[in-house]
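Residue strings, one per chain:
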Amino acid sequence: MTSWPGGARGAVAFTFDFDAEEVWLAEDPENANRPGVLSQGTYGAKVAVPLILELLERQELRATFFVPGRVAERHPERVREMVAAGHEVGHHGYTHISPTSLSAEAEEAELVRGLEILRDLGARPVGYRSPSWELSANTTGLLRRHGFRYSSNFMDDIRPYRHEESGLVELPVQWILDDAAHFWFSGSGMDWLRTISAPSQVREIWWAELDGIVDLGGCFVLTMHPQVIGRPHRLAFLEQFVADVKERGDVWIATGGEIADQVPA
């Protein structure tokens, strides 16, 4: 079992998937002709990321941002701001296309292209989060080949562990700890049958899950999206949640890369 620095009982990672317009563009290239649809993602880059960076600065907290390469091309200044503020920037594909729909060659090309763009902007990605947490049979091998240290995609544990074949560290995630599962609404399909949760409900769920994970010595990985969590009332909720987590005194708050480094070889 991983032991946490300072005698902490558990670890916490605040992570953000900075998808911007890419969610809609990868889903359907025709959305490039629908500026109103894309504006849902533009909000994340235009308004939410600056507000999140300010929040993190106030809280003296370093987070992990997973960024698709095409988002970094479209909004390079945001990636530079993340790097300048000392946050970790991880890989989130080049496009937001699932690796399961790509050949091994195409998947590697996406991986390499995304790496090149992020590195050109000053980031040094060591962690990978796949679009929609989907991996192909080739993904972990490709990650190892290209120097990644960890993945954050599987839902099979509450403690970080190493993949036997690749040696990659896994930082497990779960939909219950994803803001989109509670707050997402894009106005299409079945969305109209959904209820958008109040932050008070989400606070209850996240805090109870944090308690349970810490009791078991695990790692609480929170996955958020600027365009989702970045509404004003949700940011107020997030800031209070961060402050309360810091007040606990029994958790180690760190970036994905720092947590991965604690997992024994």
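Rules of the game
- Residues numbered from 1 in each chain as written.
- Predicted model: local features only at pLDDT ≥ 70, side-chain atom pairs only at ≥ 80, totals over all residues.
- Heavy atoms only, no water.
- Helix = DSSP H or I, 4+ residues; strand = E, 2+ residues; numbered from the N terminus.
- Expected span 1.5 Å × (residues − 1).
- Buried < 20%, exposed > 50% of the residue type's maximum accessible area, 1.4 Å probe, protein only.
- Pairing = 2+ DSSP bridges.
- Core = buried A, V, L, I, M, F, W, Y, C linked by side-chain atoms within 4.5 Å.
- Contact = heavy atoms within 4.5 Å.
- Salt bridge = Lys/Arg side-chain N within 4 Å of Asp/Glu carboxyl O.
- Polar contact = N/O pair within 3.5 Å; in protein donor to acceptor, adjacent residues only side chain to side chain.
- Axes fitted to C-alpha atoms, helices over the stretch in contact; angles between N-to-C directions.
- Parallel < 35°, antiparallel > 145°, perpendicular 65-115°, else oblique.
- Left-handed = near helix turned anticlockwise from the far one by under 90°.
- Nonpolar A, V, L, I, M, F, W, Y, C, P; charged D, E, K, R; others polar.

Asks: Got a minute to help me understand helix 10 (residues 232–248) in this structure?
Replies: Residues three or four positions apart in an α-helix share a direction because the helix packs 3.6 residues into each turn. Spanning 17 residues, helix 10 covers 25 Å between terminal C-alpha atoms, matching the ideal 24 Å at 1.5 Å per step. Taken residue by residue, helix 10 has Arg 234, Leu 235, Phe 237, Leu 238, Glu 239, Phe 241, Val 242 and Val 245 as its buried positions. Once helix 10 ends, the next one or two residues include Gly 249, with phi positive near 85 degrees.

Asks: How should I be thinking about the pairing of strand 1 (residues 10–17) in this particular structure?
Replies: A regular strand places its side chains so that they alternate between the two faces of the sheet. Buried residues dominate strand 1, accounting for eight of its eight residues. By the alternation rule, side chains of strand 1 split into Gly 10, Val 12, Phe 14 and Phe 16 and Ala 11, Ala 13, Thr 15 and Asp 17, which are all buried. Pairing analysis gives three bridges linking strand 1 to strand 9 (residues 251–253), with the strands arranged parallel. Pairing of Gly 10 across the sheet is with Val 251, part of strand 9. By the bridge criterion, three bridges tie strand 1 to strand 2 (residues 64–67) in an arrangement that is parallel. Across the sheet, Phe 16 pairs through a bridge with Phe 65, a residue of strand 2.

Asks: Looking at this structure, how should I read the nonpolar core?
Replies: A general feature of soluble globular proteins is that nonpolar side chains tend to end up buried together. Ranked by size, the top nonpolar core spans 52 residues in total, and within it Phe 14, Phe 16, Phe 65, Val 67, Trp 206, Phe 220 and Phe 241 carry the most contacts. Tallying contributions element by element places helix 2 (residues 35–58) first for this core, with eight residues. Contact partners of Phe 16, with chain neighbours within four places excluded, come to Ile 52, Leu 56, Ala 63, Thr 64, Phe 65, Phe 66, Met 224, Pro 226, Ile 229 and Leu 238. Judged by nonpolar contacts, the second largest core, of 18 residues, contains Ala 11, Phe 66, Val 169 and Val 263.

Asks: Could you clarify how one ought to interpret the pattern of salt bridges in this entry?
Replies: Pairing between side chains of opposite charge can happen when their charged atoms approach one another. The full count for this structure, using the stated rule, is 16 salt bridges. Residues Asp 244 and Arg 203 are paired through a salt bridge, measuring 2.5 Å at the closest nitrogen-oxygen approach. Within this pair, whereas Asp 244 is found in helix 10, its partner Arg 203 is found in helix 8 (residues 199–215), the two being separated by 41 residues in sequence. On the accessibility criterion, Arg 203 (26% relative accessible area) is partly exposed. The partner of Asp 211 in a salt bridge is Arg 248, with the nearest N and O atoms 2.7 Å apart. Of this pair, Asp 211 sits in helix 8 while Arg 248 sits in helix 10, placing them 37 residues apart in sequence. Among the ionic contacts, a cluster of salt bridges with common partners joins Arg 9, Asp 211, Asp 215, Arg 248 and Asp 250.

Asks: Honestly, the side chain of His 91 in this entry has me stumped. Any pointers?
Replies: Structurally, the position occupied by His 91 is in strand 3 (residues 88–91). In terms of polar contacts, His 91 uses its side chain to reach the backbone carbonyl oxygen of Leu 111, at 2.9 Å. Setting aside its immediate chain neighbours within four residues, His 91 contacts Phe 66, Val 67, Glu 110, Leu 111, Gly 114, Leu 115, Leu 118, Pro 125, Gly 127, Tyr 128, Arg 129 and Phe 148.

Asks: Help me understand the packing of helix 2 against helix 10, please; the structure alone is not making it clear to me.
Replies: Packed helix pairs are characterised by how far apart their axes lie and by the angle those axes make with each other. Two elements in contact, helix 2 and helix 10, have axes whose closest approach is 11 Å; the angle formed by their N-to-C orientations is 25 degrees. With respect to each other, helix 2 and helix 10 are oriented roughly parallel. Helix 10 is crossed by helix 2, and the crossing has right-handed handedness. The residues of helix 10 that touch helix 2, namely those facing Tyr 43, Leu 51, Ile 52, Leu 55 and Arg 58, are Pro 232, Leu 235, Leu 238 and Glu 239. Taken together, the residues of the contact of helix 2 with helix 10 sort by class into seven nonpolar, no polar and two charged.

Asks: Please explain the side chain of Ser 166 as it appears in this structure.
Replies: Considering the arrangement of structural elements, one finds Ser 166 in the loop between strand 6 (161–162) and strand 7 (169–170). Given the relative accessible area of 13%, Ser 166 is considered buried. Those residues in contact with Ser 166, other than ones at most four positions away along the chain, are Thr 140 and Arg 144.

Asks: Help me out: how do you make sense of the environment of Val 49 in this one?
Replies: Structurally, Val 49 can be placed in helix 2. Spatially, the C-alpha atom of Val 49 lies 21 Å from that of Gly 257, the residues being 208 residues apart in sequence. Ignoring sequence-local partners within four residues, the contact set of Val 49 consists of Phe 18, Gly 44, Arg 78, Met 82 and Pro 226.

It is worth stressing that arrangement in space is one thing and function is another; only the former is reported here.
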